[in-house]
Amino acid sequence: MTSVFVLAGEASGDRIGANLIAGLRRSRPDLSISGVGGDAMEGEGLSSLFPIDDLAVMGYRDVIVRLPLLLWRARQVVSAVMRQQPGVVVLIDAQVFSKVVARSLRKRGYGGAIILYVAPAVWAWGAGRARKLAGIFDEVLSVLPFEPGAMRSLGGPQTAYVGHPALEKYSMRSVQPAAGPILLLPGSRRGEITRHLPMMAEVAQRLSAHPSVTGFIILSTRSQAARISRIVAQWPIPVSVVVTAQDRQSAIEQAIAAVAVSGTVTLELALAGVPHILTYVAEGAQVRMFKRATTRFIGLPNIIAEKEVIPEVLFAHKGEPEKLADAAFALVDAPNELASQAEDFRQIRTLMEKGAPEAPLQDPVERILARI
């Protein structure tokens, strides 16, 4: 029986992995699929090798603290692949972990194809990183339409634009609600939640009396929901914590705006037409790294649009709750800004539905099956 090994390292990758597994099963019911994933991938029948939260780290401090665990999990993955000998290994995002696994598999003599799903931001760092990928991965599947051209010009591996699962998952809202809840998205990793949730408490308090705001909803992964619920139970205002796909969809449809930690979720919000601001509390090493980057923005909608569609309220070392709350209030209190974001989001969605002229949209399932 032909098999595929699929690994995701965080919540956004888990959603991509779930879509991929569903597509593979539709096209090839005979495929055996194993790997590592979270709630979404397990919902498609995957029995995860270990909990996905073990890989969910952000920043150098998180990596250093959990390095022994990460190296152990990498050895587990490599051993499982060498034992199972799948036709294709698909590593979704989790860039550092994915590279460690891919290099180890090459050294061990694994003969199948190794595909990286979600291209690293080599376009922000220069040609050196792109060329290194060419010796590790057979192909890269990108979720941003400009990445195949960038990868080719920088000497990287073969890259295909396959769109983003959010294109199918979320429809663009036809109208902006006049009133509704505020979505709070503190991140999916434990460290992110610790750094960002206190600032979002301030946002909720400041906006609770706004006439257009009807409440607050935190979109959480199932594994972090209990912890978040315990924290927000101490807030002076009520907050709902939702985890199911149906509840997330309903919240996105009703929301007047959102405050989101930088990551894939900002692109999901944009593709659904939800106005928002982006925030992030960065460690010292992350700040220094970003200063060396060639891109002006960190938000995916802004990078795609090549302008600041969504405000980026960024902090080094320590968040500033009042500054974030001021930015959130300014957005909700400005109908013209809400409408302007929605229009820009429609243009971003149109581009992502078609792909760039030199890299039209392709089916990720077909790209993977072609490697078996």
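Residues numbered from 1 in each chain as written. Predicted model: local features only at pLDDT ≥ 70, side-chain atom pairs only at ≥ 80, totals over all residues. Heavy atoms only, no water.

Chemist: Account for a positive patch on the surface, naming residues and giving values.
Modeler: On the surface, a cluster of positive charge is contributed by Arg103, Lys107, Arg129 and Lys132. Looking at the positive patch, the elements that each hand over two or more residues are helix 5 (95-108) and helix 6 (127-134). In this fold, Lys132 is placed in helix 6. (Patch = residues over 30% accessible without salt bridge, like charges linked within 9 Å, V, L, I, M, F, W, Y side chains within 5 Å. Areas by Shrake-Rupley, 256 points an atom, 1.4 Å probe, with all protein chains shown as cover. Salt bridge = Lys/Arg side-chain N within 4 Å of Asp/Glu carboxyl O. Lys, Arg positive; Asp, Glu negative; His and termini not counted. Charge placed at Lys NZ, Arg CZ, Asp CG, Glu CD. Helix = DSSP H or I, 4+ residues; strand = E, 2+ residues; numbered from the N terminus.)

Chemist: Any details on the sheet that holds strand 4 (residues 113-117)? Residues and values, ideally.
Modeler: Overall, parallel pairing links the six strands, which are arranged 2-1-3-4-5-6 in an open sheet. Either end of the sheet is taken by a strand with one partner, and the two such strands are strand 2 (32-36) and strand 6 (159-161). Direction aside, the axes of adjacent strands within the sheet are offset by 20° on average. Direction of pairing for strand 1 (residues 3-8) relative to strand 2: parallel, over a ladder of five bridges. (Pairing = 2+ DSSP bridges. Axes fitted to C-alpha atoms, helices over the stretch in contact; angles between N-to-C directions.)

Chemist: Give me the lowdown on the nonpolar core, citing residues and values where you can.
Modeler: Nonpolar side chains in soluble globular proteins generally cluster together in the buried interior. One finds Val77, Val90, Leu91, Leu105, Tyr117 and Leu183 to be the most contacted residues of the largest nonpolar core, which totals 92 residues. It is helix 4 (residues 67-84) that provides the largest number of residues to this core, a total of seven residues. Apart from the residues lying within four places of it in its own chain, the contact partners of Leu91 are Leu7, Ser98, Val101, Ala102, Ile114, Ile115, Leu116, Tyr117 and Phe137. In terms of nonpolar packing, the next biggest core, distinct from the first, is built from 35 residues, Met199, Trp235, Val261 and Ala328 among them. (Core = buried A, V, L, I, M, F, W, Y, C linked by side-chain atoms within 4.5 Å. Buried < 20%, exposed > 50% of the residue type's maximum accessible area, 1.4 Å probe, protein only. Contact = heavy atoms within 4.5 Å.)

The values reported here are purely geometric and, on their own, carry no functional implication.
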